[in-house]
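# Topology and contacts: notes
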Amino acid sequence: MENRLQIAAGNWKMNKTYSEGIELVKELIERTKEGRAMVILGVPFIHLKGVADLIASADSTGGQTSSIKLAAQNCHYEEKGAFTGEISVDMLLSVGTEYVILGHSERREHFKESNEILSKKVEHAISKGIAPIFCCGESLRIRKAKIHVDFVSNQLNEGLFHLSKEAFSKVVIAYEPIWAIGTGETATPEQAQSMHKEIRTLIERKYGKDVAQNTSILYGGSVKPDNAKDLFSQPDVDGGLVGGASLNADDFVAIINSF
Ligand code: 13P
């Protein structure tokens, strides 16, 4: 098949105290040494440095490089300055962050992040060397109106497709239908596959077949140990962006092992 990375990404959202997070990562490092998939942990800002140190020490003492990479859950599009409470890409880079989750529906909804703002964040992150995990996905109302493909297409057009081909090749996409997030209602493997294929076709039209075939497209929305295998076995589903089930080592390890 293509050279796409298979990725199990966790998004902790606003969960875990510092010590709880560190304990979870210690366990994950121990239990994912043999894994085939790349594991990305989207942790709160306060955990980034501690998790980076754990991964580095596992790499230097374990004899086997950890497959765990670090993601932030947000960044600002300006270099630095008077933006109280925000975090810059340089700050994220300075503690070894390699990815940043951008465009999550919770940030779009609660923090009013528009496609325009996201397009600036994506561009800035890539220009500095952090890869965006760009989230897209429709609400139940949009799906019921059967305009979900157009809706997601618009999110990609306005948020991502201003990028050059070279810049776009750094992007990971996460399709997260809002009606499936935290609801226990998962998209069926067929629904996920169908939208992922549409997304890949859109990428192909814009950037060509090679780029489209090499872009990892993750599914997010109530991924659990008992549905991960069916979802990940779809030809255009390259892994998952996992919320609730990434907070528990047993569940997340089972999901990682579903590839
Ligand atoms: P859940 O897995 O809890 O539904 O969350 C999905 C999500 O929003 C990941 O970013």
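Residues numbered from 1 in each chain as written. Predicted model: local features only at pLDDT ≥ 70, side-chain atom pairs only at ≥ 80, totals over all residues. Heavy atoms only, no water.

## Concerning the overall build of the chain
For clarity, the threshold we go by: Working definition: helices are DSSP H or I runs of at least four residues, strands are E runs of at least two. Numbering for both runs from the N terminus. With the radius of gyration taken over C-alpha atoms, the globule rule is written as 2.2 Å times the number of residues to the power 0.38. The buried label goes to any residue with under 20% of its type's maximum accessible area, the exposed label to any with over 50%, and the partly exposed label to all in between, with areas taken from a 1.4 Å probe on protein chains only. Whether two residues are in contact is decided by their heavy atoms, any of which lying within 4.5 Å being enough. Neither His nor the chain termini are counted; the positive set is Lys and Arg, and the negative set is Asp and Glu. To locate a charge, the coordinates of NZ of Lys, CZ of Arg, CG of Asp or CD of Glu are taken.
Looking only at helices and strands, the chain features 12 helices and 8 strands. A compact globule built from 259 residues should have a C-alpha radius of gyration of about 18 Å, and the chain, at 17 Å, falls within 12% of that. Along the longest, intermediate and shortest principal axes, the C-alpha atoms of the chain span 50 × 45 × 35 Å. Burial statistics for the chain: of 259 residues in total, 54% are counted as buried. By sequence separation, contacts in the chain at least 24 residues apart represent 75% of the contacts at least 6 residues apart. Mean positive and mean negative side-chain charge positions of the chain (29 and 34 charges, respectively) differ by 2 Å.

## Topic: the pairing of strand β8 (residues 239-242)
Using the following cut-off: DSSP calls a pair of strands paired once it identifies at least 2 bridges connecting them. Seen with its strands pointing away from the viewer, a crossover is right-handed if its path from the first strand over the helix to the second goes clockwise.
Burial of the side chains of β8 extends over both faces: Gly239 and Leu241 are buried on one face and Gly240 and Val242 on the other. The pairing of strand β1 (residues 7-11) with β8 spans 4 bridges and is classified as parallel. Bridge pairing links Ala9 to Leu241 in β8. Read as a crossover between parallel neighbours, the route from strand β7 (residues 217-220) over helix α11 (residues 225-232) to β8 is right-handed.

## What about the layout of surface pockets?
Put simply, the test is: Think of a 1 Å grid over the protein atoms and nothing else: a 1.4 Å probe that fits but is trapped marks a cavity, an open set flanked by protein within 12 Å on at least five of seven lines marks a pocket, and residues with an atom within 4 Å of a point count as lining. Grid points are joined across faces, edges and corners, and a volume is the space filled by probe spheres set on the points. When residues are sorted by character, Ala, Val, Leu, Ile, Met, Phe, Trp, Tyr, Cys and Pro go into the nonpolar class, Asp, Glu, Lys and Arg into the charged class, and all the rest, Gly among them, into the polar class.
In this structure, the largest pocket encloses a volume near 480 Å³. Residue contributions to the lining of the largest pocket peak at 3 residues, all from helix α4 (residues 105-110). When grouped by side-chain class, the residues that make up the lining of the largest pocket number 7 nonpolar, 6 polar and 4 charged.

## Focus: the nonpolar core
Proteins that are soluble and globular tend to have nonpolar side chains buried together. Rules: Residues enter a nonpolar core if they are buried and are Ala, Val, Leu, Ile, Met, Phe, Trp, Tyr or Cys, with the set joined through side-chain atoms within 4.5 Å.
Counting 69 residues, the largest nonpolar core has Leu156, Leu160, Phe168, Ile173, Ile199 and Ile203 as its most contacted members. Counting 14 residues, the second-largest nonpolar core is a separate cluster that includes Ile101, Val172, Leu218 and Leu241.

## Things to note about the site of the ligand
This is how it is decided: In this text, near means that some heavy atom of the residue lies within 4 Å of the molecule or strand in question. The term polar contact refers here to a pair of N or O atoms within 3.5 Å; inside protein, the definition further demands a hydrogen-donor-capable atom paired with an acceptor-capable atom, and it admits residues adjacent in sequence only when both atoms are side-chain atoms. The accessible surface values rely on the Shrake-Rupley method and a 1.4 Å probe; as for residues, cover is taken only from the protein chains in view.
Taken together, 13 residues surround the ligand, and among them Lys13, His104, Gly182, Ser222 and Gly244 come closest. Between the ligand and Gly182 there is a distance of 2.6 Å, counted from an oxygen atom to a backbone nitrogen or oxygen. A total of 310 Å² of accessible area belongs to the ligand in isolation, and the protein chains cover 97% of it. A per-class count over the shell around the ligand returns 4 nonpolar, 7 polar and 2 charged.

## Quick look at the environment of Cys136
Relative to the elements of secondary structure, Cys136 occurs in strand β5 (residues 131-136). Once residues lying within four places of it in the same chain are set aside, the contact partners of Cys136 are Arg108, Val152, Gln155, Leu156, Ile173, Ala174, Tyr175, Glu176 and Ile199.

## Re the pattern of salt bridges
Formally: For this analysis, a salt bridge means a side-chain nitrogen from Lys or Arg found within 4 Å of a carboxyl oxygen belonging to Asp or Glu.
Scanning the entire structure with this criterion turns up 15 salt bridges. Taking the shortest distance from any N to any O, the salt bridge between Asp90 and Lys128 comes out at 3.1 Å. Residue Asp90 is found in helix α3 (residues 89-94), and its partner Lys128 is found in helix α5 (residues 115-128); the two are separated by 38 residues along the sequence. With relative accessibility at 25%, the residue Lys128 sits in the partly exposed group. Note that Arg200 and Asp238 form a salt bridge whose closest N and O atoms lie 2.9 Å from each other. Of this pair, Arg200 sits in helix α9 (residues 189-207) while Asp238 sits in the loop between α11 and β8, and the two are 38 residues apart along the sequence. Arg200 sits in the buried class, given a relative accessible area of 3%. A relative accessible area of 3% places Asp238 in the buried class. Counted as one network, the salt bridges with shared partners bring together Arg4, Arg200, Asp236 and Asp238.

## Overview of unusual backbone geometry
Residues other than glycine predominantly adopt negative phi, and peptide bonds predominantly adopt the trans conformation. The phi angle at Lys146 is positive, at roughly 60°, despite the residue not being glycine. Structurally, Lys146 can be placed in the loop between α6 (140-144) and α7 (148-159). According to the relative accessible area criterion, Lys146 is exposed, its value standing at 70%. Backbone geometry at Ser222 places phi at a positive 55°, although glycine is not the residue there. With respect to the helices, strands and loops of the structure, Ser222 is situated in the loop between β7 and α11.

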